[in-house]
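# Summary of structural features
So you can see what is in the structure, the chains are spelled out below.
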Amino acid sequence: MKVAEAVGRSLYAAGVGQVFGVVGSGNFHLTNAMVAAGSRFVAARHEGGAATMADAYARMSGTVAALSVHQGPGLTNAMTGIAEAAKSRTPLLVLAAEVTEPRSNFYVDQDALARSVGAVSARVTSAEDAVTQALDAVRRAVCERRTVLLNLPLGVQALDVPDVPDDVSTLAVVPPERAPVEPEFTDVEVLARVLEKSRRPVFVAGRGARSPGARDALVALAERHGALLATSAVARGLFHGDPWSLDVSGGFASPLAAELIQEADLIVGWGCALNMWTMRHGRLIGPDTTVVQVDDDASALGAHREVHLGVTGDVELTARRALETDDANRQSQQGKQARQGQQSQDAGQGFRTADTGAAIAARVRWRDVPYEDTSTRERIDPRTLSIALDDILPAERVIGVDSGNFMGYPSMYLSVPDENGLCFTQAFQSIGLGLATAIGAALARPDRLPVAALGDGGAMMGAAELDTVRRLGLPMVVVVYNDDAYGAEVHHFGPDGHPLETVEFPPTDIAAVARGYGFEAVTVHTRADLKAVEDWLAGPRSAPLLIDAKVVADRGAWWLEEAFRGH
């Protein structure tokens, strides 16, 4: 058995069941070996799209996914998507063929490429160690939550592997997920005391809290202490339906959410970086607010801002241990009060007053914030468009969002049913990833309607993957917020009188482009044009649908100033 086949079989046995990529001569045998073993392979039209599909699939499925690429240009084509995955700590395995002769036209320093974007680099160096080295790469991706580049030199791939058992699953002992980190008892005790003293606590949950178990534990702890609940953008939907949810904290936060977070006397980040986006460069933190961060990676604590208490531990375990400690403390206090003939005290209501609850119900959603509709007969206000789509599209949806001036509208005006409703590949802030994001998310969540929300710039940049949507038969809705420009640059530089010819484009009929790929398509100028979307939803959905929405371009989005401040 050749190395390529042995590695492919062992990767499938280790749980790598989903592979994305573009196949060339260098990764042909490895990819086919994985398919023969049982992995599902999805061919993208560009390696950059394949990388983002794999990233999104891993995020939404909770499993490790693989990206398979040709040596040299196959890897360089994929680097933007790999950088996004690495910055987001996505457990992703990049399988790249490699030439080792510097005189080859395919030669690049693939190790250096990986390190430059924050990925981990590994290599298969011999036939004898090939399977072990491949499985070590999977373990590192899973257990360290890292994007790992596994280089497979062409010469090594072609070698014969000695003594490989017919059933390679006996070798592939890889844990399905990272083991939860137990917090230190003393740290939990301090956290419990801080919570007990707080009168206006806010919990902000991030990527590390994206699980039903973590949500339930945080909801219970928040109820105990009267805390309001918020998330980072990547965890949006975690507290969907909770009457004390503020939705997203940070640049996307509604005015009421920002106001309430600023009033907190305690902010606890649960698996959340508390970075410039989530805390608006610290402006959401009051001068006397206590800041606590809980993360299972000790290096993340205080990485973006000073914290008063850092707890290394799994979010769910830490929240449950804090509840247990609180219960023990209360029982002890109640026993003491009983012995002294005093009446026990119930938990304080914290932030959870009737007035606050009424305000949240009425004003925390962006769609409930009054605005002047600037729609015309030719162009629709993106807020009006997004609210209408939120009402029209089924509630069970999974949304992939591209980057650009428009991105806050679908991210915040389109509701999601839970933490698996929004796939937000924005750690690198690259445009052009949105369509591939939606494809990966759709394959991970086939039970939901996939929605890709794109700007016209990102739509044209990633248009090749429209063919992938059609080829896979995905019943996807692609919404293009089309202002015929790179709107972020227009609204950032335009007010200062800078020339904008480099960031504005002639009108493009993106609906016609989509029809060429086999889509149904509709051009939207007004709210009435969305009737075609309702008709598509009511029909067989035998072809995907693209909505070319001509949106007004009279202003920058509310979050735009925050975005440029972060550059």
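To keep things clear, this report deals only with the structure shown in the data block. Since the structure is predicted, the reported quantities are computational estimates derived from the model, not experimental observations.

This brings us to the sheet that holds strand E18 (residues 545-550). The parallel open sheet is built from six strands, whose spatial order is E14-E13-E15-E16-E18-E17. Looking at which strands have only one partner, the edges of the open sheet turn out to be strand E14 (422-423) and strand E17 (520-524). In this structure, E17 lies alongside E18, joined through five bridges in parallel fashion. In the sheet register, Ala521 faces E18, and the bridge partner there is Leu546. Sitting on the sheet, helix H15 (residues 434-444) is in contact with strand E13 (397-401), E14, strand E15 (449-455) and strand E16 (477-482), with an inclination near 170° to E15.

The next subject is the sheet that holds strand E8 (residues 228-231). Taking strand neighbours across the sheet as the criterion, the six strands line up as E9-E8-E7-E10-E11-E12 in an open arrangement whose pairing is parallel. Sheet topology places strand E9 (245-248) and strand E12 (309-312) at the edges, where each strand pairs with a single neighbour. Here the average twist between neighbouring strands, direction ignored, is 15°. Contacts between helix H9 (residues 212-225) and the sheet are confined to strand E7 (201-205), E8 and strand E10 (266-270), with E7 contributing the most and set at about 170° to the helix.

Once that is clear, we can look at the environment of Val181. Relative to the helices and strands, Val181 is located in the loop between helix H7 (154-157) and helix H8 (185-197). Separated by 226 residues in the primary sequence, Val181 and Met407 place their C-alpha atoms 35 Å from one another. Those residues in contact with Val181, other than ones at most four positions away along the chain, are Asp296, Thr312, Gly313, Asp314 and Leu317.

Any space left empty among the atoms is revealed by the rolling of a water-sized probe across them. One pass over the full model with this rule turns up one cavity of 30 Å³ or more. Counted as a void, the largest cavity has a volume near 30 Å³. For the largest cavity, the full set of lining residues is Leu246, Asp247, Val248, Phe252, Ala253, Ser254, Ala257, Val364, Arg365, Trp366 and Met412. With three residues, the top contributor of residues to the lining of the largest cavity is E9. For the lining of the largest cavity, the per-class residue count stands at eight nonpolar, one polar and two charged.

Glancing now at the pairing of E15. Here is the key point about a regular strand: its side chains alternate between the two faces of the sheet. Across the seven residues of E15, seven count as buried, placing the element largely inside the fold. Of the two faces of E15, both are covered, the one formed by Leu449, Val451, Ala453 and Gly455 as well as the one formed by Pro450, Ala452 and Leu454. When E13 meets E15, the two strands line up parallel, connected through five bridges. Looking at the pairing, Ile399 lines up with Val451 of E15. One ladder, built from five bridges, connects E15 with E16; its direction is parallel. In the strand pairing of E16, Gly455 is matched with Tyr481.

Further remarks concern helix H20 (residues 531-538). Along H20, the residues classified as buried are Val533, Trp536 and Leu537. For H20, the angular spread of the buried residues around the axis is 100°, confining them to a single face. Contacts made by the buried residues of H20 are with helix H13 (382-392), E15, E16, E17 and E18.

Attention now goes to the pattern of salt bridges. Going through the model one piece at a time under the given rule, you end up with 35 salt bridges. In this structure, Lys2 engages Asp160 in a salt bridge whose closest nitrogen and oxygen atoms are separated by 3.0 Å. Of this pair, Lys2 sits in the segment before helix H1 (3-13) while Asp160 sits in the loop between H7 and H8, placing them 158 residues apart in sequence. The exposure class of Lys2 is partly exposed, given its relative accessible area of 40%. The salt bridge involving Glu419 is made with Arg215; its shortest N-O contact spans 3.7 Å. Placement of Glu419 in the loop between helix H14 (408-413) and E14 and of Arg215 in helix H9 is noted, with a sequence separation of 204 residues between them. Judged by relative accessible area, Arg215 falls into the partly exposed class, the value being 23%. When salt bridges with common partners are traced through the structure, they connect Glu196, Arg224, Asp326, Asp327 and Arg330 into a single cluster.

Moving on: the pairing of E18. Counting buried positions over the six residues of E18 gives six, a clear majority of the element. Burial of the side chains of E18 extends over both faces: Leu545, Ile547 and Ala549 are buried on one face and Leu546, Asp548 and Lys550 on the other. Bridge count for E16 against E18 is six bridges, and the pairing is parallel. When the bridges of E18 are listed, Val477 appears paired with Leu545.

On to the side chain of Ser411, then. Checked against the element boundaries, Ser411 lands in helix H14. Relative accessible area serves as the criterion here: at 1%, Ser411 is assigned to the buried category. Excluding anything up to four places from it in sequence, Ser411 contacts Arg236, Phe252, Val401, Leu422 and Phe424.

Here the structure, examined in full by the defined rule, presents seven aromatic pairs. Aromatic rings pair up to connect Trp366, Tyr409 and Tyr413 into one cluster.

Interaxial distance between H1 and helix H2 (residues 28-37) falls to 8 Å at its minimum, and their mutual angle equals 40°. Here H1 is positioned oblique relative to H2, judged by the angle of their axes. Note that H1 runs across H2; the crossing there is right-handed. On H2, the residues that touch Ala4, Glu5, Val7, Gly8, Arg9, Leu11 and Tyr12 of H1 are His29, Leu30, Ala33, Met34 and Ala37. Grouping the constituent residues of the contact of H1 with H2 by class yields eight nonpolar, two polar and two charged.

It is worth spelling out helix H10 (residues 255-262) at this point. Because each turn of an α-helix spans 3.6 residues, side chains separated by three or four positions in sequence point in the same direction. Three or more residues of H10 are buried, namely Leu256, Ala257, Ala258, Leu260 and Ile261. Of the surrounding secondary structure, the elements contacted by the buried residues of H10 are E7, E8, E9, E10 and helix H12 (354-363).

Cut-offs and rules
Residues numbered from 1 in each chain as written. Predicted model: local features only at pLDDT ≥ 70, side-chain atom pairs only at ≥ 80, totals over all residues. Heavy atoms only, no water. Pairing = 2+ DSSP bridges. Helix = DSSP H or I, 4+ residues; strand = E, 2+ residues; numbered from the N terminus. Contact = heavy atoms within 4.5 Å. Axes fitted to C-alpha atoms, helices over the stretch in contact; angles between N-to-C directions. 1 Å grid on protein atoms, 1.4 Å probe; cavity = no way out; pocket = protein on both sides within 12 Å on 5 of 7 lines; lining within 4 Å. Points joined across faces, edges and corners; volume = space filled by probe spheres on them. Nonpolar A, V, L, I, M, F, W, Y, C, P; charged D, E, K, R; others polar. Buried < 20%, exposed > 50% of the residue type's maximum accessible area, 1.4 Å probe, protein only. Arc of directions from axis to C-beta. Salt bridge = Lys/Arg side-chain N within 4 Å of Asp/Glu carboxyl O. Phe/Tyr/Trp six-rings, centres within 6.5 Å; stacked < 30°, edge-to-face > 60°. Parallel < 35°, antiparallel > 145°, perpendicular 65-115°, else oblique. Left-handed = near helix turned anticlockwise from the far one by under 90°.

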